[in-house]
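Survey of secondary and tertiary structure
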Amino acid sequence: MNRPQDMLKQLRIERRPGAKGARRRKWPWVVGATIALIGLFVALGMNRPVPVETAPARDAADPANASVLDASGYIVARRIATVSSKITGKVREVLIEEGQKVEEGQVLARLDPLDADAQRELAGAQLAATRSQAAQVQAQLREAEAQATRLHALVRDKLVSRAQYDQAIAQRDALRAQLASVQRNATVAGRQLQVAEIGVDNTVVRAPFAGVVTAKAAQPGEIVSPISAGGGFTRTGIGTIVDMDSLEVQVDVNEAYIGRVQPGMPIDAVLNAYPDWRIPGEVIAIIPTADRTKATVKVRIALAQKDPRIVPDMGVRVSFLEKAGTNAPKPVGVWIPSKAIVLPEGTDDKAAARAKTGHVFVVADGKATQREVQLAEVRDADRHVIAGLKPNEAVALEPAKLRDGQRVTTAADKR
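These numbers were taken from a predicted model, which means no experiment stands behind them.

Let's talk about the sheet that holds strand E10 (residues 211–216)
- Across the sheet, four strands lie side by side as E5-E13-E10-E7; this open sheet has antiparallel pairing. Edge positions in the open sheet fall to strand E5 (80–83) and strand E7 (101–102), since each of these has one partner strand only.
- As paired strands, E7 and E10 are joined by two bridges and run antiparallel to one another. Its bridge partner being in E10, Val102 is matched across the sheet by Gly211.

Below, the structure is given as structure tokens:
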């Protein structure tokens, strides 16, 4: 009789080589289902609105955006001074710090007045001694004049000799001359005292005009001098003061284009530190000399705005604008931020400014639509688009995260 184990072996199904192929045919279905799920998730992601920031396309024909010439330069102060003492001396105290506002005549520092005080006391003592000497001579002169008067009456009556009278007159005249000399010495001593007082006043350093301290150059205990003493141990200034109301722009314009610039011409200035801030202004003057090494001419420009953010030596880009009423050709196209443009793949930073085509995403009705544009010159953080966009159309500022037809939301939609 067969054992139960043998009977179970007879019931086992033998797996043939063809059975493995049937199992493999299940994998395409699994892969296909996975791809379908991924596509479904992508479709759901496309339908989910993406928050974006937009900027309007600015009409290039608008006078505020029409530029006939661009140039670069710096913010400069017409009124700037490195304040120093008029005498050489040791600094006792410094009363300023960088960034501090000061008024005209405000005390900035004090020097050690020991020597100046001693000179003033000496001049005062000399003046007192001279005045005392003058009083003594005046007393002697009064006595001599009285003696001369008495002898004049006696010599008339021939009671004294003529020689005695002449001697009295001579003594009187000598005392008069001596008094005049002493009085002049007293005047000189008085002037010396005034000079000594000025010397004491020179130990106090004051602000020559109202402004802002941009540099503090000396510390208590150091020696300062109005001239360089050499060796690097003597300071030549207490600090630097800038009159912020005198700030202006100086730009270098290529001499080949200086004919386009005229005094009174309106401009737009953009600081390198604040590329999105446009400051209006106008041309003050064209400095009538050229730099032969750079082939440029300096132009002075006044800014219409005063702001604490504007500080000396800042880099600035200036766009010279046409005056109203000129017959210059009307600019075409629009200006948009450069970061809204997607350049062709493989365009490096050097070639970006020369690129002639690209695409942007125009945002309208909650959807971002890709659109090809033609590009022109670059101005600061903006790019001139000569075809493909209309004024006031909104473009997305973060195009890298968008696709054509992407649903989007803007800050205006959240209000």
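Having seen the model, we can carry on.
Here's the deal with the layout of surface pockets
- When its volume is computed, the largest pocket comes out at roughly 410 Å³.
- Lys101, Val212, Met244, Asp245 and Pro308 are, among the 18 residues lining the largest pocket, the residues nearest its centre.
- Elements that contribute at least two residues to the lining of the largest pocket include exactly E7 and E10.
- When grouped by side-chain class, the residues that make up the lining of the largest pocket number 10 nonpolar, two polar and six charged.

Quick look at the nonpolar core
- Core analysis: the largest hydrophobic core is formed by 27 residues, its most contacted members being Val251, Val253, Val299, Ile301, Val318 and Phe320.
- Taken together, the elements giving at least two residues each to this core come down to strand E4 (69–77), strand E14 (247–254), strand E15 (266–271), strand E16 (278–291), strand E17 (296–303) and strand E18 (315–320).
- Those residues within four positions of Val299 in sequence are excluded, and the remaining contacts are Val249, Gln250, Val251, Val253, Ile258, Val261, Val283, Ala285, Ile286 and Phe320.
- Val83, Val91, Ala109 and Ala207 belong to the second-largest nonpolar core, a separate cluster that totals 17 residues.

Each value, and the rule that gives it
Residues numbered from 1 in each chain as written. Predicted model: local features only at pLDDT ≥ 70, side-chain atom pairs only at ≥ 80, totals over all residues. Heavy atoms only, no water. Pairing = 2+ DSSP bridges. Helix = DSSP H or I, 4+ residues; strand = E, 2+ residues; numbered from the N terminus. 1 Å grid on protein atoms, 1.4 Å probe; cavity = no way out; pocket = protein on both sides within 12 Å on 5 of 7 lines; lining within 4 Å. Points joined across faces, edges and corners; volume = space filled by probe spheres on them. Nonpolar A, V, L, I, M, F, W, Y, C, P; charged D, E, K, R; others polar. Core = buried A, V, L, I, M, F, W, Y, C linked by side-chain atoms within 4.5 Å. Buried < 20%, exposed > 50% of the residue type's maximum accessible area, 1.4 Å probe, protein only. Contact = heavy atoms within 4.5 Å.

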